[in-house]
Amino acid sequence: MKPVVATARALVVAGAVLVVSACGTPAGTMGVAATGNLVDNARRTPPGVLTVSLPPHNVPSGSTTLAAITPATLRTLPFNDDRKNLDSDGRTTAAFALPLADVRFEPGPATLLGQILRAELRAAGHTLTDRAVGTPISGAVVAFDVRTDTTAFYWDVIGNLAVSLQIPAARATDSTSSIDYRTSCTDRTYVWPGATVIAGVMQRCLGTFVAALRDDGRMAAAIRNAPKSVAGSAGTASGLAARAAATGAGTEKSYTHAGHRWSVSYPEDWNLNDSDRYVKLSKGQAVLGIHAIANVAGRTLDEVADAAIQQWEQQMKGVNVVRRVSRRRVALADDVTGIAIEHHIGTGNLFGKSRKVIALASGRGFLIDAETVFHYWLNYAPDFDRMIASFRVSE
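The notes below deal with the structure included here. (Residues numbered from 1 in each chain as written. Predicted model: local features only at pLDDT ≥ 70, side-chain atom pairs only at ≥ 80, totals over all residues. Heavy atoms only, no water.)

Focus on the packing of aromatic side chains
For clarity, the cut-off: Centres within 6.5 Å make a pair out of two Phe, Tyr or Trp rings, where for Trp the six-membered ring is used; the pair is then stacked when the planes are under 30 degrees apart, edge-to-face when over 60, and tilted otherwise. A run of H or I in DSSP counts as a helix once it spans at least four residues, and a run of E counts as a strand once it spans at least two, with each numbered from the N terminus. Only protein chains enter the accessibility calculation, which uses a 1.4 Å probe. A residue is then buried if its area is under 20% of the maximum for its type, exposed if over 50%, and partly exposed in between.
Applying the stated criterion across every chain, the model contains ten aromatic pairs. Taking the centre distance of 5.9 Å and the plane angle of 70° together, the rings of tyrosine 154 and tyrosine 190 count as edge-to-face. Of this pair, tyrosine 154 sits in the loop between β7 (135–150) and β8 (155–167) while tyrosine 190 sits in the loop between β9 (177–189) and α4 (195–214), placing them 36 residues apart in sequence. Ring geometry for tryptophan 262 versus phenylalanine 391: centroids 5.5 Å apart, planes at 40°, classification tilted. Remark: phenylalanine 391 occurs in the loop between α8 (377–390) and β19 (392–393) and tryptophan 262 occurs in strand β11 (residues 262–267); sequence separation between them is 129 residues. For the residue pair tryptophan 262 and phenylalanine 391, the accessibility class agrees, reading buried in each case.

Put into structure tokens, the structure is as follows:
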């Protein structure tokens, strides 16, 4: 990987900062913020930001531990950006929110690490798919930043990279298959640490990560032992029912809500609680709640879904980190159309997954919310699918 030299504008910015720092002795620790994005790279670069371009990943040649196992069908999900101090634009700030220079990596860390993971899995002989038949692999960027330790004569540019990969465990009772990588790289420079130096340091960190990933027995074992997804479309009620049926349904119970006139079937080993503001079905690490949505008269399904999700996301801001990862229309029972929105909740190794289905039926609004720890989602997905597919509203 060869670093890309910063643009002239970025060099001007760097030079301006250098003049400021030259007013005093460059001693102590200077923070350089690493910036990126949460979802994509379409944002404009703010004024005063040094852009550091990182080239596409070239897969090294040679045999690997990942290639030594039986080829698997895998589905890589978008990486989460779990770095601390991220603002709404996906940028981090240095200590005390007073960075001497901001740095934006292009592509963003989440995008780049996702590309590297996919390239390495393909090179190892595994098949990547977007369908539900693939074993899902998700990732989180825990750290991707640079800082400088300075003296009167030089700067030590220190890069940090930390990545957490998650693969579903074989059973809900198993320990979670979370595989963490962390590395730190240093380069010394006697001139201002511009884009070229920063890019070189981070590329060395990326190279260390790639080397560890390629020959990691933990990763190979997790892929080999992970449960396989059940084929079928998650976009229709028939698809949900087919996936549930394929795994074998046990004895079902039925519940009817007299006030809001809806019904749902659920497995007998799930617990039902309707003593609160909404009906809650739970089992182990999983919960499915069914909520009535008020004031839907004259509003479209999209308007109701937008309002419900925005309210939930706003409430969650003070509690946990949430990231919306998908939104699609789904067909439910009795020709009812719903909108399914999925979120990742929290950070670190045990973050959760939520699927909310918002529907309008007989002039009433409903929100069905399925949640569990991310690693256990596949274990509970057949029950979630079966319950959602059974949901019906009476006149």
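Observations regarding the packing of helix α3 (residues 109–123) against α4
Stated precisely, the cut-off is as follows: With axes taken as lines fitted to C-alpha atoms, and helix axes fitted only over the stretch in contact, angles between N-to-C directions fall between 0 and 180 degrees. Crossing handedness: left-handed means the near helix sits turned counterclockwise from the far one by under a right angle, and right-handed means the same turn made clockwise. Residues are treated as being in contact if the distance between any of their heavy atoms lies within 4.5 Å. Each residue is assigned to one of three groups, with Ala, Val, Leu, Ile, Met, Phe, Trp, Tyr, Cys and Pro labelled nonpolar, Asp, Glu, Lys and Arg labelled charged, and all others, Gly among them, labelled polar.
As a packed pair, α3 and α4 sit with axes 11 Å apart at the nearest point and diverge in direction by 35°. Here the hand of the crossing between α3 and α4 comes out right-handed. Facing Leu112, Leu113, Ile116, Leu117 and Glu120 of α3, the residues of α4 in contact are Leu206, Phe209, Val210, Leu213 and Arg214. Each residue belonging to the contact of α3 with α4 can be placed in one class, and the counts come to eight nonpolar, no polar and two charged.

Let's talk about the pairing of β11
We count it as follows: By the convention used here, strands pair only if DSSP detects at least 2 bridges between them.
Bridge count for strand β10 (residues 252–257) against β11 is six bridges, and the pairing is antiparallel. From the neighbouring strand, glutamate 252 faces β11, where its bridge partner is proline 267. Counting the residues in the hairpin turn of β10 and β11 gives four residues, including arginine 261, whose phi is positive at 55°. Where β11 and β19 come together, two bridges link them in antiparallel fashion. Pairing of tryptophan 262 across the sheet is with valine 393, part of β19.

Observations concerning the nonpolar core
Put simply, the rule is: The criterion is simple. A nonpolar core is a set of buried Ala, Val, Leu, Ile, Met, Phe, Trp, Tyr and Cys residues joined through side-chain atoms within 4.5 Å.
Among the nonpolar cores identified, the biggest contains 45 residues, and Phe105, Phe144, Phe209, Met219 and Ile223 are the most heavily contacted of them. Sorting the residues of this core by element identifies β2 (49–53), β5 (101–106), α3, β7, β8, β9, α4 and α5 (217–225) as the ones contributing at least two each. Ranked by residue count, the leading element in this core is α4, at eleven residues. When neighbours within four sequence positions are excluded, phenylalanine 209 is seen to be in contact with Leu113, Ile116, Leu161, Val163 and Tyr181. Residues Leu281, Ala340, Ile368 and Ile388 belong to the second largest nonpolar core, which totals 30 residues.

Comments concerning the sheet that holds strand β15 (residues 322–331)
Strand order across the open sheet formed by seven strands is β12-β13-β14-β18-β17-β16-β15, with antiparallel pairing between neighbours. The sheet terminates laterally at β12 (271–273) and β15, the two strands that pair on one side only. Between one strand axis and the next, the sheet turns through 15° on average, direction left out of account. Bridge analysis of strand β14 (residues 286–293) against strand β18 (residues 364–373) gives seven bridges, and the strand direction is antiparallel. Following the sheet pairing, glycine 289 is matched in β18 by aspartate 369. Each of β14, β15, β16 (337–345), β17 (352–361) and β18 is contacted by helix α7 (residues 301–317), which is oriented at about 20° to β16, the strand it contacts most. Strands β13 (279–283), β14, β17 and β18 of the sheet are contacted by α8, whose axis makes an angle of about 165° with β18.

Observations concerning the sheet that holds β11
With antiparallel pairing, three strands are arranged side by side in an open sheet as β10-β11-β19. The sheet is open, and its two borders are formed by β10 and β19, each paired with just one other strand.

Some words on the environment of valine 197
The residue valine 197 is located in helix α4 in this model. Here valine 197 falls in the buried class, since its relative accessible area comes to 17%. Other than its neighbours up to four places away in sequence, valine 197 contacts Val157, Asp187 and Thr189.

Quick notes on the side chain of glutamate 313
If you trace the backbone, glutamate 313 turns up in helix α7. Sequence-distant contacts of glutamate 313, that is, excluding residues within four places in its chain, are made with Arg324 and His343.

Re the environment of tyrosine 376
Note on placement: tyrosine 376 falls in the loop between β18 and α8. Take tyrosine 376: its relative accessible area is 8%, and that puts it in the buried class. Taking the C-alpha atoms as reference points, tyrosine 376 and glycine 352, separated by 24 residues in sequence, lie 8.9 Å from one another.

Comments concerning the side chain of arginine 214
Take arginine 214: it is sitting in helix α4. Every residue in contact with arginine 214, bar those within four places of it in the chain, is listed here: Val59, Pro60, Ser61, Gly62, Thr64, Thr65, Leu66 and Glu120.

Section: the pattern of salt bridges
Just so we agree on the cut-off: A pair is scored as a salt bridge if a Lys or Arg side-chain nitrogen falls within 4 Å of a carboxyl oxygen belonging to Asp or Glu.
On inspection of all chains with the given rule, the structure shows 16 salt bridges. Residue arginine 327 is joined to aspartate 306 by a salt bridge in which the shortest nitrogen-to-oxygen separation is 2.8 Å. Highlighted residues: arginine 327 in strand β15 and aspartate 306 in helix α7, separated in sequence by 21 residues. Given the relative accessible area of 34%, arginine 327 is considered partly exposed. In this structure, the salt-bridge partner of lysine 353 is glutamate 342, at a minimum N-O distance of 3.5 Å. You can see lysine 353 sitting in strand β17 and its partner glutamate 342 sitting in strand β16, a full eleven residues away along the chain. Given the relative accessible area of 11%, lysine 353 is considered buried. Classification of glutamate 342 by relative accessible area gives buried; the value is 8%. Shared partners join several salt bridges into a network, and the residues in it are Asp302, Asp306, Arg327 and Arg329.

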